[in-house]
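Tertiary structure, described
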Amino acid sequence: MNPNAQDHAPAAVASAPRGHVFPPPMDRDYPIQAGRIRTRSLEAHIVDHCNLTCAECCSLSPLLPPWFASPDSIAADLRMAAKVLSPGVFKLVGGEPLLHPQLVDLIHAVRETRIAPVISITTNGLKLGEMSDAFWQSIDAITISRYPRPRLSPDLMAHIEAQAAGHAVRLNWKMQNEFTSMTRQSAATDLAQTQRIYHDCWIRERCHMIRDGMFYTCTRPAHFNTLYQGKQDFQSDGLRLRDDTAMLDDMLAYLNRQEPLKACLECHGGSAPQAPHRIMKRVEVATLKAYYQEQGARRAALKPAVAAEVSSA
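Counting of residues starts from 1 at the beginning of each chain's written sequence and follows it residue by residue. Reporting in this predicted model follows two pLDDT cut-offs: at least 70 for local features of residues, and 80 or more for side-chain atom pairs to be given and counted; totals over whole chains, interfaces and linings ignore these cut-offs and use all residues. Processing note: side-chain calculations cover all non-hydrogen atoms of the structure and skip hydrogens and water entirely.

Focus: the pairing of strand β3 (residues 85-93)
Condition: Burial classes follow relative accessibility: with a 1.4 Å probe on protein chains only, a residue under 20% of its type's maximum area counts as buried, one over 50% as exposed, and anything between as partly exposed. The helix and strand labels rest on DSSP assignments: H or I over at least four residues marks a helix, E over at least two residues marks a strand, and numbering proceeds from the N terminus. Here a strand pair is declared whenever DSSP counts at least two bridges between the two strands. Place the viewer so that the strands point away; then a crossover is right-handed whenever the path from the first strand over the helix to the second strand goes clockwise.
Of all nine residues making up β3, eight are buried, and the element is well covered by its neighbours. With eight bridges connecting them, strand β2 (residues 36-45) and β3 associate as parallel partners. Opposite alanine 44, over in β3, you have leucine 92 as the bridge partner. Chirality of the crossover, the property in question, places the unit of β2, helix α2 (residues 71-81) and β3 among those that are right-handed. Handedness of the β3-helix α3 (residues 103-113)-strand β4 (residues 119-123) crossover: right-handed.

Some details on the nonpolar core
Cut-off, in case you're wondering: As used here, the term nonpolar core means buried Ala, Val, Leu, Ile, Met, Phe, Trp, Tyr and Cys residues forming a set that is joined through side-chain atoms within 4.5 Å. The criterion used for residue contact is that any of the two residues' heavy atoms lie within 4.5 Å.
Ranked by size, the top nonpolar core spans 63 residues in total, and within it Leu92, Phe135, Ile142 and Met251 carry the most contacts. With residues near it in sequence (within four places) discarded, isoleucine 142 still touches Ser120, Ile121, Thr123, Leu128, Phe135, Trp136, Val169, Arg170, Leu171 and Asn172. By size, the runner-up hydrophobic cluster in this structure holds twelve residues, among which are Leu60, Leu63, Tyr228 and Tyr292.

A word on the state of the cysteines
Put simply, the test is: In what follows, a disulfide is any cysteine sulfur pair within 2.5 Å.
Within the structure shown, the criterion is met by zero disulfides. Unpaired in this structure, cysteine 50 has its nearest cysteine sulfur neighbour in cysteine 54, at a distance of 6.2 Å. For the unlinked cysteine cysteine 58, the closest cysteine sulfur is that of cysteine 57, found at 5.4 Å.

What to know about empty space enclosed by the protein
Going by this rule: Cavity: a set of points on a 1 Å grid over the protein atoms alone where a 1.4 Å probe fits but cannot get out. Pocket: an open set with protein on both sides within 12 Å along at least five of seven lines, its lining residues, like those of a cavity, having an atom within 4 Å of a point. Grid points are joined across faces, edges and corners, and a volume is the space filled by probe spheres set on the points. Classification convention: Asp, Glu, Lys, Arg as charged; Ala, Val, Leu, Ile, Met, Phe, Trp, Tyr, Cys, Pro as nonpolar; all other residues, Gly among them, as polar.
The tally for this structure, following the rule as stated, stands at two cavities of 30 Å³ or more. Considered as a void within the structure, the largest cavity measures approximately 110 Å³ in volume. Lining the largest cavity are Ile197, Tyr198, Cys201, Ile203, Arg204, Cys218, Arg220, Leu261, Ala263, Cys264, Cys267 and Gly269. Breaking the lining of the largest cavity down by element, the ones donating at least two residues are α6 (191-200) and α7 (203-206). Tallied by class, the residues present in the lining of the largest cavity amount to nine nonpolar, one polar and two charged.

All we've got here are geometric facts, nothing functional implied.
Quick look at the structure:
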């Protein structure tokens, strides 16, 4: 538990179901307070892979190789980010973050950076029954994505509620019956449509992300970079974290940029049509992995010209 955040609601209130509005409202407001830009949230995807193979996973987890972020690298990025950003909450996301072998150490490393008053973790909940008291003591809030399949057992849910109540952890049970169909099978060529998608996309406001020394206004570039094995440059969609006097102005300009990201060419946006949640079989996952490996090589030759057009549009 965060010793500096003592205003947790009682368990009976904290674990009450919350209503979720989709698509969520956008503020598009980044005030500067005490020399730092106030944002809704910041997150790090500390594990790329998952223990489920959900179709249309926005993190592309079924298609990515196993990967764990190191506590030291996350802490280094957050110390840099904390010089210019003041998010209300810091989220540990995946993949399935409970798969991380150093999770408690990582949470403590995040806490020491003082990046945000609340540290939260987003999970499918399947492994929460295995988590130690040290884990429950280290975290402030947990968002649990509840899928139609596999369902969490009543016993597991009762255990989660009891642990949360005992350690003053705020629970957010989030029913996830549908997934947004964001990933394109082929890159967009309609640049005006791409501009509209970027303008209306809520993800670029609510899913700010750090990864490997970069800040991204959206989680998609980092995952596309991994999916295409670095054969396409999605890192340039982000902003390199630096410790200099120009960083605050550069961050504010980046957050308010009007031009789409290169990753927008690969994406239908956060408000794309939704499809019922389903678990992919191994053969479907293998087929998709092979497809994107082939596409990565094919698009690498075409991408620079198209992306240059997007940047100048």
